[in-house]
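So you can see what is in the structure, the chains are spelled out below.
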Amino acid sequence: MRTLSSHTHPRGCCQGFRICGGPLYTYLHTGMHKQHKKKRWPHPRRPQQAMLAQDGTLQGQDPILHIGKTQFQNADFPMDEQGRTYHLGTKRGEVANKILSVGSTKRAMLLSQLLDHSDNEAHLFEIESDRGFLTITGRFKGSPVSIVSTMMGMANMDFVIRECLAVVEGPLAMVRLGTCGAIQPPAHLGNFLVASQGSACVRRDPDAFVPGSTLTPYLFSQAILPDAALSSLLQQHCAAALGEDKALHAFNVTADSFYSSQGRPSTHFDDRNDDLLASLARTYPNALSLEMETFHLFDLARCSGGRIRAAAVAIVLAERYTNDFIAASEVEKLEGLAGLAALTSLHQYELGLGIQNEQTLTV
């Protein structure tokens, strides 16, 4: 297999698009974001896809390594003969000990503009599995870091955390950058809500919908705290990027669905969630953010024996208490600011001894 230790995005990918010299990098690092209210950033247009041939060579022009179907072993934790994981398709040397988890491949590619580059070429390793998980590994201010598209929900977060941990040596620091709905003031559209006060989980109980059942339709968990040092760095840099009045210490609630467990009414299903948001506010009086991943990240970090250090921030796209939604033109600017804050936090975080030798990474 050819190792993609470095490459440049082809010119057709996006006119003028360069990893650290691109428009997002210039905009954030020169302070232009403090002068302009609205800015749209071009995204890399996927060129002809490359696929991994049976002889291990890379066919096609796409700088992203695409992993197709291979033979897996060990049904308990499937890996192929090269040690690639089942869902993410990564192996040792392709994932850094510091990870930024984002929801979409589009956001991952946008934030990859913030990673280090040389004068002649960008130093990135990019791999996309046949399940759609994109991993981009490079360096931020010299420190190895991976940006992983986690997609949505706790199940996908489970794939990412477990499979990333399986292919690194030593501890893992992960920051989740997502989007959320604001449950109540003082959280407003466009705010950064750092889950420094912890996260709890709300789940729909299917047994409550059995005819004759007297069970409560939704179950609320106890809270789990993030890593204090990493969360403090994240709060600090989010406040520096957006202002202390817009980057808030928050208590997060993670739901097991987007609709029923977040109190969105439906005429098609018996969800019994008319008062769910009010119940959330009563159960967790300080709750500000509502999304679908953070709790599971914190839960696995708690159960990892100290190997995983976790923190999370979410951008408010919707105010559930007013039913307002953010303007689409504002989102990419906020993603860039939050991404820079998260990467800076990971760079400054002291992960400790026992991490893999940087020479074993592909970048």
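Shown above is the structure to which this text applies.
The following refers to the structure shown. Quick caveat: nothing in here was measured; it's all calculated off a predicted structure. (Residues numbered from 1 in each chain as written. Predicted model: local features only at pLDDT ≥ 70, side-chain atom pairs only at ≥ 80, totals over all residues. Heavy atoms only, no water.)

Of regular secondary structure, the chain possesses 7 helices and 18 strands. In the chain, buried positions account for 56% of the 363 residues. Relative to all contacts within the chain whose residues are 6 or more apart in sequence, the contacts with residues 24 or more apart total 76%. Summed over its atoms, the accessible surface of the chain is roughly 16100 Å², and 51% of this surface lies on carbon and sulfur atoms. (Helix = DSSP H or I, 4+ residues; strand = E, 2+ residues; numbered from the N terminus. Buried < 20%, exposed > 50% of the residue type's maximum accessible area, 1.4 Å probe, protein only. Contact = heavy atoms within 4.5 Å. Areas by Shrake-Rupley, 256 points an atom, 1.4 Å probe, with all protein chains shown as cover.)

This brings us to the packing of helix H3 (residues 154-166) against helix H6 (residues 294-302). Running from N to C, H3 and H6 cross one another at 35°; their axes reach a closest spacing of 9 Å. The interaxial crossing formed by H3 with H6 has right-handed handedness. Contacts between H3 and H6 involve Met-154, Met-157, Asp-158, Ile-161 and Arg-162 from the first element and His-296, Leu-297 and Leu-300 from the second. Residue composition of the contact of H3 with H6, grouped by class: 5 nonpolar, 1 polar and 2 charged. (Axes fitted to C-alpha atoms, helices over the stretch in contact; angles between N-to-C directions. Left-handed = near helix turned anticlockwise from the far one by under 90°. Nonpolar A, V, L, I, M, F, W, Y, C, P; charged D, E, K, R; others polar.)

Throughout the structure, instances matching the rule amount to 4 aromatic pairs. Between Phe-133 and Phe-159, the ring centres sit 6.3 Å apart and the planes meet at 90°, which makes this aromatic pair edge-to-face. Residue Phe-133 is found in the loop between strand E7 (125-129) and strand E8 (134-140), and its partner Phe-159 is found in helix H3; the two are separated by 26 residues along the sequence. Owing to a relative accessible area of 25%, Phe-159 belongs among the partly exposed residues under this scheme. Members of the aromatic cluster, each reached through a chain of ring pairs, are Phe-220, Phe-251 and Tyr-284. The lysine or arginine in question, Arg-204, covers the ring of Phe-209, its NZ or CZ lying 3.8 Å from the ring centre. Over the ring of Phe-258 we find Arg-264, and its NZ or CZ is 3.8 Å from the ring centre. (Phe/Tyr/Trp six-rings, centres within 6.5 Å; stacked < 30°, edge-to-face > 60°. Lys NZ or Arg CZ within 6 Å of the ring centre and 35° of its normal.)

The phi torsion of most residues other than glycine is negative, and most of the peptide bonds are trans. For the bond running from Pro-185 to Pro-186, omega is 15°, close enough to zero to count as cis. One can find Pro-186 in the loop between strand E10 (172-182) and strand E11 (192-194). The phi angle at Lys-141 is positive, at roughly 55°, despite the residue not being glycine. Mapping Lys-141 onto the fold places it in the loop between E8 and strand E9 (143-149). The class for Lys-141 is partly exposed, based on a relative accessible area of 48%. Positioned with a positive phi, Arg-272 is a non-glycine residue whose angle comes to about 50°. Here Arg-272 shows up in the loop between strand E15 (251-255) and helix H5 (276-283). For Arg-272, a relative accessible area of 39% translates into the label partly exposed.

So, on to the pairing of E9. Judged by how many residues are buried, E9 sits mostly within the fold: 7 of 7 residues are covered. Side chains of E9 alternate between two faces, with Ser-143, Val-145, Ile-147 and Ser-149 and Pro-144, Ser-146 and Val-148 buried alike. Relative to E9, strand E6 (residues 98-102) runs parallel, the two sharing 4 bridges. Paired with Ser-101 across the two strands is Val-148, which belongs to E9. Counted along the chain from E8 to the antiparallel partner E9, the turn is 2 residues long, and its residue Lys-141 has a positive phi close to 55°. (Pairing = 2+ DSSP bridges.)

A word on H3. End to end, H3 covers 18 Å across 13 residues, agreeing with the expected 18 Å (1.5 Å per residue, within 8%). Of all the positions in H3, only Met-154, Asn-156, Met-157, Asp-158, Val-160, Ile-161, Glu-163, Cys-164 and Leu-165 are classed as buried. (Expected span 1.5 Å × (residues − 1).)

All right, on to H5 then. Of all the positions in H5, only Leu-276, Ser-279 and Leu-280 are classed as buried. What you see down the axis of H5 is that its buried residues fit within an arc of 105°, all on one side. Contact partners of the buried residues in H5: strand E12 (199-204), strand E13 (218-220), E15 and strand E16 (287-291). (Arc of directions from axis to C-beta.)

The subject of this paragraph is the side chain of Thr-344. Following the sequence through the fold, Thr-344 ends up in helix H7 (residues 328-348). Among residues more than four places away in sequence, those in contact with Thr-344 are Phe-140, Lys-141 and His-237.

Following the sequence through the fold, Gln-184 ends up in the loop between E10 and E11. Judged by its relative accessible area of 19%, Gln-184 falls in the buried class. Looking at Gln-184, its side chain comes within polar contact range of the main-chain oxygen of Pro-285, at 2.9 Å. There is a polar contact of 2.8 Å between the side chain of Gln-184 and the backbone oxygen of Ala-287. If sequence neighbours within four positions are ignored, Gln-184 has contacts with Ala-281, Tyr-284, Pro-285, Asn-286, Ala-287, Leu-288 and Tyr-321. (Polar contact = N/O pair within 3.5 Å; in protein donor to acceptor, adjacent residues only side chain to side chain.)

Of all hydrophobic cores here, the largest spans 41 residues; its most connected members are Leu-100 and Phe-192. Residue contributions to this core peak at 9 residues, all from H7. Residues within four places of Phe-192 in sequence aside, it is in contact with Cys-238, Leu-242, Lys-246, Ala-247, Leu-248, Val-313, Ala-314, Ile-315, Leu-334, Leu-337 and Ala-338. With 26 residues, the next largest nonpolar core counts Leu-88, Val-168, Cys-201 and Ala-301 among its residues. (Core = buried A, V, L, I, M, F, W, Y, C linked by side-chain atoms within 4.5 Å.)

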